[in-house]
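Architecture and fold: a report
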Amino acid sequence: MAPITTSREEFDEIPTVVGIFSAFGLVFTVSLFAWICCQRKSSKSNKTPPYKFVHVLKGVDIYPENLSSKKKFGVDEKNEVKNKPAVPKSSLHLNLEKRDLNGNFPKTNLKAGSSSDGEKVTPKLFPEGEKEAVSPNSLKSSTSVSSEEKQEKLGTLFFSLEYNFEKKAFVVNIKEARGLPAMDEQSMTSDPYIKMTILPEKKHKVKTRVLRKTLDPAFDETFTFYGIPYTQIQELALHFTILSFDRFSRDDIIGEVLIPLSGIELSDGKMLMTREIIKRNKSSGRGELLISLCYQSTTNTLTVVVLKARHLPKSDVSGLSDPYVKVNLFHAKKRISKKKTHVKKCTPNAVFNELFVFDIPCEGLEEISVEFLVLDSERGSRNEVIGRLVLGAAAEGSGGEHWKEICDFPRRQIAKWHVLCDG
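Since the model is a prediction, treat every value here as computed from it, not as a measurement. Along every chain, residues carry numbers that run from 1 in the direction the sequence is written. Where local features are concerned, this predicted model is filtered to residues with pLDDT of at least 70; where side-chain atom pairs are given and counted, the filter is 80 or more; whole-chain, interface and lining totals use all residues. Water and hydrogen atoms were dropped before computing side-chain values, which therefore reflect all heavy atoms in the structure.

Here we look at the overall build of the protein chain
- The helix count covers DSSP runs of H or I at least four residues long, the strand count covers runs of E at least two residues long, and both are numbered beginning at the N terminus. A tally of helices and strands in the protein chain yields six helices and 17 strands.
- The buried share among the 423 residues of the protein chain stands at 42%.
- Computed by Shrake-Rupley with a 1.4 Å probe, the accessible areas treat only the displayed protein chains as cover when residues are assessed. Of the roughly 24400 Å² of accessible surface on the protein chain, 55% is carried by carbon and sulfur atoms. The buried label applies to any residue whose accessible area, calculated with a 1.4 Å probe on protein chains only, is under 20% of its type's maximum; exposed applies above 50%, and partly exposed to all values in between.

A short note on the packing of aromatic side chains
- Aromatic pairing here means that ring centres of Phe, Tyr or Trp (its six-membered ring) are within 6.5 Å. Orientation follows from the plane angle: under 30 degrees is stacked, over 60 is edge-to-face, and everything else is tilted. The tally for this structure, following the rule as stated, stands at four aromatic pairs.
- Site record: aromatic cluster; members linked through ring pairs are Tyr163, Phe165 and Tyr230.
- One Lys or Arg, arginine 310, reaches over the ring of tryptophan 417 and ends 3.8 Å from the middle of that ring. Comment: the charge-over-ring label is applied if NZ (Lys) or CZ (Arg) is within 6 Å of the ring centre and within 35 degrees of the ring normal.

With respect to the side chain of aspartate 376
- With respect to the helices, strands and loops of the structure, aspartate 376 is situated in strand E15 (residues 368-376).
- Each polar contact in these results corresponds to two N or O atoms within 3.5 Å; when the atoms are within protein, one needs to be able to donate a hydrogen and the other to accept it, and residues that are neighboring in sequence are counted only if both atoms are side-chain atoms. At 2.7 Å, the side chain of aspartate 376 forms a polar contact with the backbone nitrogen of aspartate 322.

Regarding the nonpolar core
- Only buried residues count toward a nonpolar core, which is a set of Ala, Val, Leu, Ile, Met, Phe, Trp, Tyr and Cys residues joined through side-chain atoms within 4.5 Å. One finds Phe170, Leu238 and Phe240 to be the most contacted residues of the largest nonpolar core, which totals 33 residues.
- Contributions of two or more residues to this core are made by strand E2 (156-164), strand E3 (169-178), strand E4 (192-199), strand E6 (218-226), strand E7 (237-244), strand E8 (252-260) and strand E9 (271-276).
- In this analysis, two residues are considered to be in contact whenever any of their non-hydrogen atoms come within 4.5 Å of each other. Beyond its immediate stretch of four places on either side in the chain, phenylalanine 240 contacts Leu157, Phe159, Val172, Ile174, Ile194, Lys195, Met196, Gly255, Glu256, Val257 and Ile259.
- Counting residues in hydrophobic clusters, the runner-up holds 30 residues, among them Leu289, Cys362, Leu365 and Ile406.

Details of the sheet that holds E7
- Taking strand neighbours across the sheet as the criterion, the four strands line up as E5-E4-E7-E8 in an open arrangement whose pairing is antiparallel. In the strand order of this sheet, the two ends are held by strand E5 (205-207) and E8, each with one partner. Geometrically, the sheet is characterised by an average inter-axis angle of 20 degrees between neighbouring strands, direction not taken into account.
- One ladder, built from eight bridges, connects E7 with E8; its direction is antiparallel. Looking at the pairing, histidine 239 lines up with leucine 258 of E8. The rule for pairing is simple: two strands pair if DSSP sees at least two bridges between them. In this description, a line fitted to the C-alpha atoms serves as the axis of each element, helices being fitted only across the stretch in contact, and the angle between N-to-C directions of two axes falls anywhere from 0 to 180 degrees.

Things to note about unusual backbone geometry
- With a phi close to 50 degrees, aspartate 220 is a non-glycine residue in the positive phi region.
- Mapped onto the elements, aspartate 220 comes out in strand E6.
- A relative accessible area of 3% means that aspartate 220 is categorised as buried.
- Of note in the backbone geometry, lysine 333 takes a positive phi value of approximately 65 degrees without being a glycine.
- For lysine 333, the position within the fold is in the loop between strand E12 (323-331) and strand E13 (334-340).

Quick look at the sheet that holds strand E11 (residues 301-310)
- The four strands are arranged E14-E11-E10-E17 in an open sheet whose pairing can be described as antiparallel. Strand pairing shows two members of the sheet lacking a second neighbour, strand E14 (351-359) and strand E17 (414-419), which therefore form its edges. On average, each strand axis in the sheet is tilted by 25 degrees relative to the strand beside it, whichever way the strands run.
- Relative to E17, strand E10 (residues 288-296) runs antiparallel, the two being bridged by six bridges.

Let's talk about helix H6 (residues 398-408)
- Listed in full, the buried residues belonging to H6 are Gly399, Gly400, His402, Trp403 and Ile406. Buried residues along H6 cover an arc of 165 degrees about the axis, so they all sit on one side. Projecting away from the buried face of H6 at angles above 90 degrees are the exposed residues Glu401 and Lys404.
- On the buried face of H6, the contacting elements are E10, E11, E15, strand E16 (384-392) and E17. This arc is built from the directions going out from the helix axis to the C-beta atoms.

A look at the pairing of E13
- Bridge analysis of E12 against E13 gives six bridges, and the strand direction is antiparallel. Residue pairing in the sheet places lysine 326 in a bridge with lysine 340 of E13.
- Between E12 and the antiparallel strand that follows it, E13, lie two residues; alanine 332 among them carries a positive phi value of about 55 degrees.

Dropping the structure here:
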């Protein structure tokens, strides 16, 4: 039998064929993996986000289907203005391309409307057939500005309201503020930001970013609130608080704006509104605090019991504050210890009944003092001081008398009501 022979060329062709098939297999695998990833990504984009509200910064929507049709204010109105009556000069016109690095508009475009008109609703043309509604209540409120508020100008707030029926969401866009007062006396400017609360439940509290060194801040920030039925909109109210950020102390309150939503019809489309900023409505009385003290000379400890608070003022227009008490112990004007009570929800007359024991680092109470701060708990922002009380040897009035009694009668628990002063 003749032997079987294999040429050298046939052996050389086998690796080439294997390489070709391997390349085709790799390309097919990569293509299949990319197709599966695209399908998963497209299916996820159609789902509604699980959170209550979405913060949209500088007008950029989070939904991909809206990105292609997203239009900036003041772009397409040019063609429509030719066929419609001229808009008054005081109307809001936002050209986002002309803003500086801080988000501010040039001074030539920031001519505020006449201050004698008080609160008013400024008409505005919106693209894609969006209509703007003017409620009767907003027109009535335009004549309700008192003479005192007209004398002290705190600026004007521009914002828009909209209800998205498809996603069942209430949308608030804080556009800008104009003519704010200077809260920093050295630089003659402010670092403004805005806190917004939906009343009366106060469940939704949001705030804008801080814009540095400007009296005409352009925020253009959108807040979308899910889970609010359209039938409930009429029962709500929007409370805007305009503040100036202070790095070294509590932020300065510039003013506030309250917008009841009753009578405002949002079914016709987006509604642009303008409101004058008014001074914060604060009552003269700060309320009272019931404190019990006991000095143990043998163990050199001071027992402080925060019992009750009554007649606390309104922290905001809802009339519902969430008070708690912060207790600071000072030795020679230096804080050496601090404690705080639990928060009591929605009450001007809180019952705490919480006891704190402080170790005194020296003999006697001559250089010791105790500071009580009653604060309103604000989620997501700095807590506002409702009232303040100081007990010590150098304290005046009832604070000094109470301190003298516990020094004269150690080991005796002595309780007294004290009137709170401004923080």
